Amino acid sequence: MDFYFKFILPVSILEIIAAAVGTYLFFKNKIKRPHTWVVYYLWLMILVESYGFMVGFSKQTNYKYFAFLEGTFFQNIFWAYNIFIVIYTTLFISYFLNFIKNLRERIIIQVLTLGYIVLALILFIDLETLQLPVIPIMLITGSLLLFITILLFLLNLIKSDQVIDLKTYFPFYVAMGYLFFLLTTTPIDIYFKYYDIELNESYVNLRASINLYINLFLYSTITLGFILCFWKKKSY
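Residues numbered from 1 in each chain as written. Predicted model: local features only at pLDDT ≥ 70, side-chain atom pairs only at ≥ 80, totals over all residues. Heavy atoms only, no water.

*Asks:* I would appreciate a short explanation of unusual backbone geometry in the present structure.
*Replies:* Peptide bonds are, in most cases, trans, and in most cases residues other than glycine have a negative phi. Following Arg 33, the chain continues into Pro 34 via a peptide bond in cis, with omega recorded as 5°. Looking at the secondary structure, you find Pro 34 in the loop between helix H1 (2–27) and helix H2 (36–60). (Helix = DSSP H or I, 4+ residues; strand = E, 2+ residues; numbered from the N terminus.)

Take a look at the structure:
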């Protein structure tokens, strides 16, 4: 449980704060589409991680709690994370496409995203693959596709008048958060097979530390964006 309190709980608290702030602004009618997608993503993330905590806690207590999970498909958390990764990757690609004006760029990204979804569906038919901790081809293609989309968004932003007022431009906060997130987490996630505290403690601690700080940065950035862009005025 020390691992949970040190590396996971701080991020969970910040995720809930970000989701709560976004939800408050949503009900105040200050957030419109497509920015509401970010709020939906935050609550979906909280739901998936709550399930992950339930699975982890049940294993830690030798299924004294949540015993109904033992021996079932659902005692493995990775299937949920693998599906979630495809959902949030597709969601954020679609989000940033709203701010890319070049029609050719939009079509290319949309076609590649469709291919990414089809690849996921083909791979996920095999339940053993779905339960893998990391599916390298999905991790690399999804991260690369989202990374390219964010770069195209930033290039479009540089060419627009909005660049002179980034402080109140919410997509910029999301882009910066996820750009650093992808650059830091993707390389270490590729080596997830070494994630065993008994066999490779140094890798486990390194991965946990990087995930802690980059997630704190990501959700702090999103929360700051909500406040600066929507609390008193709308983002355009």
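Next comes the rest of the description.
*Asks:* Hey, could you run me through the packing of helix H3 (residues 78–97) against helix H6 (residues 136–158) in this one?
*Replies:* For any two helices packed against each other, one specifies the inter-axial angle together with the distance between the axes. Two elements in contact, H3 and H6, have axes whose closest approach is 9 Å; the angle formed by their N-to-C orientations is 15°. Taken as axis vectors, H3 and H6 run roughly parallel relative to one another. Crossing handedness for the pair H3 and H6: left-handed. Seen from H3, the contacting residues are Val 86, Thr 89, Phe 92, Ile 93 and Phe 96; seen from H6, they are Met 138, Gly 142, Leu 145, Leu 146, Thr 149, Ile 150 and Phe 153. Split into classes, the residues belonging to the contact of H3 with H6 amount to nine nonpolar, three polar and no charged. (Axes fitted to C-alpha atoms, helices over the stretch in contact; angles between N-to-C directions. Parallel < 35°, antiparallel > 145°, perpendicular 65-115°, else oblique. Left-handed = near helix turned anticlockwise from the far one by under 90°. Contact = heavy atoms within 4.5 Å. Nonpolar A, V, L, I, M, F, W, Y, C, P; charged D, E, K, R; others polar.)

*Asks:* Can you walk me through the nonpolar core in this structure?
*Replies:* Generally speaking, nonpolar side chains in soluble globular proteins are found buried as a group. Counting 66 residues, the largest nonpolar core has Phe 92, Tyr 178 and Phe 226 as the members making the most contacts within it. For this core, the secondary structure elements donating two or more residues are H1, H2, H3, helix H4 (103–124), H6, helix H7 (170–189) and helix H8 (201–230). The element contributing the most residues to this core is H2, with 11 residues. Excluding anything up to four places from it in sequence, Phe 226 contacts Ala 18, Val 21, Gly 22, Leu 25, Ile 31, Val 38, Val 39, Leu 42, Phe 170 and Trp 231. (Core = buried A, V, L, I, M, F, W, Y, C linked by side-chain atoms within 4.5 Å. Buried < 20%, exposed > 50% of the residue type's maximum accessible area, 1.4 Å probe, protein only.)

*Asks:* How do you make sense of a nonpolar patch on the surface when you look at a structure like this?
*Replies:* Together, Leu 44, Leu 47, Ile 83 and Ile 87 make up a nonpolar patch on the protein surface, roughly 310 Å² of accessible area in all. Those elements giving two or more residues to the nonpolar patch turn out to be H2 and H3. Summarising the element assignment, Leu 44 is placed in helix H2. (Patch = residues over 30% accessible without salt bridge, like charges linked within 9 Å, V, L, I, M, F, W, Y side chains within 5 Å. Areas by Shrake-Rupley, 256 points an atom, 1.4 Å probe, with all protein chains shown as cover. Salt bridge = Lys/Arg side-chain N within 4 Å of Asp/Glu carboxyl O.)

*Asks:* How do you make sense of the packing of H6 against H7 when you look at a structure like this?
*Replies:* Contact geometry for H6 and H7: axes closest at 10 Å, N-to-C directions at 150°. When the axes of H6 and H7 are compared, the pair comes out roughly antiparallel. Crossing handedness for the pair H6 and H7: left-handed. On H7, the residues touching Leu 139, Ser 143, Leu 146, Phe 147, Ile 150, Leu 151, Phe 153, Leu 154 and Leu 157 of H6 are Pro 171, Phe 172, Ala 175, Met 176, Tyr 178, Leu 179, Leu 182, Leu 183, Thr 186 and Asp 189. Across the contact of H6 with H7, the residue classes tally to 16 nonpolar, two polar and one charged.

*Asks:* Got a minute to help me understand the packing of aromatic side chains in this structure?
*Replies:* In this description, a pair of aromatic rings is defined by centroid distance and the angle of the planes. The tally for this structure, following the rule as stated, stands at 24 aromatic pairs. Here Phe 170 and Phe 226 contribute two aromatic rings whose centre-to-centre distance is 4.9 Å and whose plane-to-plane angle is 15°, an arrangement assigned as stacked. With Phe 170 in helix H7 and Phe 226 in helix H8, this residue pair connects regions lying 56 residues apart in the sequence. A relative accessible area of 0% places Phe 170 in the buried class. Ring centres 5.4 Å apart and planes at 70° place the aromatic pair Tyr 178 and Phe 181 in the edge-to-face group. Taken together, the residues span about one helical turn, with Tyr 178 and Phe 181 both in helix H7 at a distance of three residues. For the pair formed by Tyr 178 and Phe 181, the shared burial category is buried. (Phe/Tyr/Trp six-rings, centres within 6.5 Å; stacked < 30°, edge-to-face > 60°.)

*Asks:* Which parts of the structure should I look at to understand the environment of Thr 221?
*Replies:* Considering the arrangement of structural elements, one finds Thr 221 in helix H8. C-alpha separation for the pair Thr 221 and Phe 170, spaced 51 residues apart in sequence, amounts to 9.8 Å. Discounting residues that sit within four places of it in the chain, Thr 221 has contacts with Tyr 173 and Gly 177. A distance of 2.6 Å separates a polar atom in the side chain of Thr 221 from the backbone oxygen of Phe 217. (Polar contact = N/O pair within 3.5 Å; in protein donor to acceptor, adjacent residues only side chain to side chain.)

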